[in-house]
Amino acid sequence: MASVTYDHVTKKFGDSMIAVNDLNINVDDKEFLVLVGPSGCGKTTALRCLAGLEEITEGNIKIGDRVVNDVPPKDRDIAMVFQSYALYPHLSVFDNMAFGLKLRKVPKDEIKRRVEQAADTLGIKDLLNRKPRQLSGGQRQRVAVGRAIVREPKVFLFDEPLSNLDAKLRVQMRAEISKLHQQLQTTFIYVTHDQVEAMTMASRIAVINKGVLQQIDTPQNLYDSPNNVFVAGFMGSPAMNFFPAKLRKDANKMVVDTSDFVLTIPPDRTKPLEQHVGKDIIFGIRPENIHDAEFIPPNIHAEKVEAKVDVTELMGNEIYLYLITGKNTFVGRVDPRSKMRMGDKAQVAFNMDKFHIFDAQTEQAIR
């Protein structure tokens, strides 16, 4: 097993295109790290640099204690699972999984042992004689994962492996990959643009935007304490609501003034904000902290806001309300008993125990 280190890694394409910019990440041995960000942010390039499929421009990449900048991909002791299954259509499942081992002249008995053990772990032992065309998408993805497992590498790399699967199968495969990590006790580095995959699978998440690492932390800490507006808006579905506003004092109270509505900040949350009174800020609140005023949870600091219901989405266990107030639009996740419907005038309650404040200029969190 091995740790992985990105030490001031930069990758440029030509003179102007910087795909990865001064990336510093330490991945612990046996950790499940997810690189997440929008398309084109540099996360796949960072993974390909680790795999040796892209040559880095600056910095060092280490697997364990060994710098691998000049080590060929085949000698880095990694295995990679791609978005496309990349299976040989004329070979059986067994031969697809065994192909890399045969190239390395591994003894036949050892190949058989490894393939059957991996197939048993993935639940595809009865498929070993089939061809890829006889498999479903989920089964093909398991074969691709199995081909990586049999190599018994120090580090597994996954490049958006679930993107080609339907929604139900993605949920199932997420759980299976998480279980696989627990069984193998190996370092996993996983790339996705889907923040739900990241939240449900990772021991830590690295959020990347425009080639720059924005924040790296546990899923819950990223969700609860984002460093900036980008991380706050990217993690969570539906995304956090943002309102341009100003902090000001109103009598003995500190308030957030959006010009469309005014919210009082609870006294125990005001101290870190004192030096920002009178300044422009961005007020953030997640949809689950906006409630129908008729169904306010007990023991919260609730501030009521008048709005108009633009769209409703009935989810069964909850309702998404798309709301308009003045120039601001926002989303609430409210109690399924809510009777609000499209076109209604609504009164909603903001939970002021669960808000975020960002500097309007830097977009960094104020805590």
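Summary of the structure given here. Here the structure is a predicted model, which is why all the values come from computation and not from measurement.

Let's talk about the environment of Pro-161
Argument step 1. Along the chain, the position of Pro-161 falls in the loop between strand S7 (155–159) and helix H5 (167–184).
Argument step 2. The spacing of Pro-161 and Glu-274 is 113 residues in sequence and 47 Å in space, taken between C-alpha atoms.

Quick look at the packing of helix H4 (residues 137–149) against H5
Argument step 1. Interhelical geometry of H4 versus H5 gives an angle of 20° and a closest axis separation of 11 Å. One way to sum up the angle between H4 and H5 is to call them roughly parallel. For the element pair H4 and H5, the recorded crossing hand is right-handed. Counting all contacts with H4, which are made through Gly-137, Gly-138, Gln-141, Arg-142, Val-145 and Ile-149, the residues of H5 involved are Leu-169, Gln-172, Met-173, Glu-176, Leu-180 and Leu-184.
Argument step 2. Of the residues in the contact of H4 with H5, the class split is 6 nonpolar, 4 polar and 2 charged.

A short note on the pairing of strand S6 (residues 78–81)
Argument step 1. Along S6, one buried face is formed by Ile-78 and Met-80 and the opposite face, lined by Ala-79 and Val-81, is buried too.
Argument step 2. Bridge count between S6 and S7: 4 bridges; the pairing is parallel. Counted as the bridge partner of Val-81 is Phe-158 from S7.

Here's the deal with H4
Argument step 1. In this model, H4 (13 residues) spans 18 Å end to end at C-alpha, consistent with the 18 Å of a helix rising 1.5 Å per residue.
Argument step 2. Restricting attention to buried positions, one finds in H4 the residues Gly-138, Gln-141, Arg-142, Val-143, Ala-144, Val-145, Gly-146, Arg-147, Ala-148 and Ile-149.
Argument step 3. In this structure, the buried residues of H4 make contact with S6, helix H2 (93–103), helix H3 (108–122), S7 and H5.

Focus on the sheet that holds strand S2 (residues 17–27)
Argument step 1. Taking strand neighbours across the sheet as the criterion, the 4 strands line up as S2-S1-S4-S5 in an open arrangement whose pairing is antiparallel. Since the sheet does not close on itself, it has two edges, and those belong to S2 and strand S5 (66–67), each with one partner.
Argument step 2. Summarising the sheet, strand S4 (residues 58–63) and S5 pair through 2 bridges and their orientation is antiparallel. Residue pairing across strands places Ile-63 opposite Arg-66, the latter belonging to S5.

Parameters at a glance
Residues numbered from 1 in each chain as written. Predicted model: local features only at pLDDT ≥ 70, side-chain atom pairs only at ≥ 80, totals over all residues. Heavy atoms only, no water. Helix = DSSP H or I, 4+ residues; strand = E, 2+ residues; numbered from the N terminus. Axes fitted to C-alpha atoms, helices over the stretch in contact; angles between N-to-C directions. Parallel < 35°, antiparallel > 145°, perpendicular 65-115°, else oblique. Left-handed = near helix turned anticlockwise from the far one by under 90°. Contact = heavy atoms within 4.5 Å. Nonpolar A, V, L, I, M, F, W, Y, C, P; charged D, E, K, R; others polar. Buried < 20%, exposed > 50% of the residue type's maximum accessible area, 1.4 Å probe, protein only. Pairing = 2+ DSSP bridges. Expected span 1.5 Å × (residues − 1).

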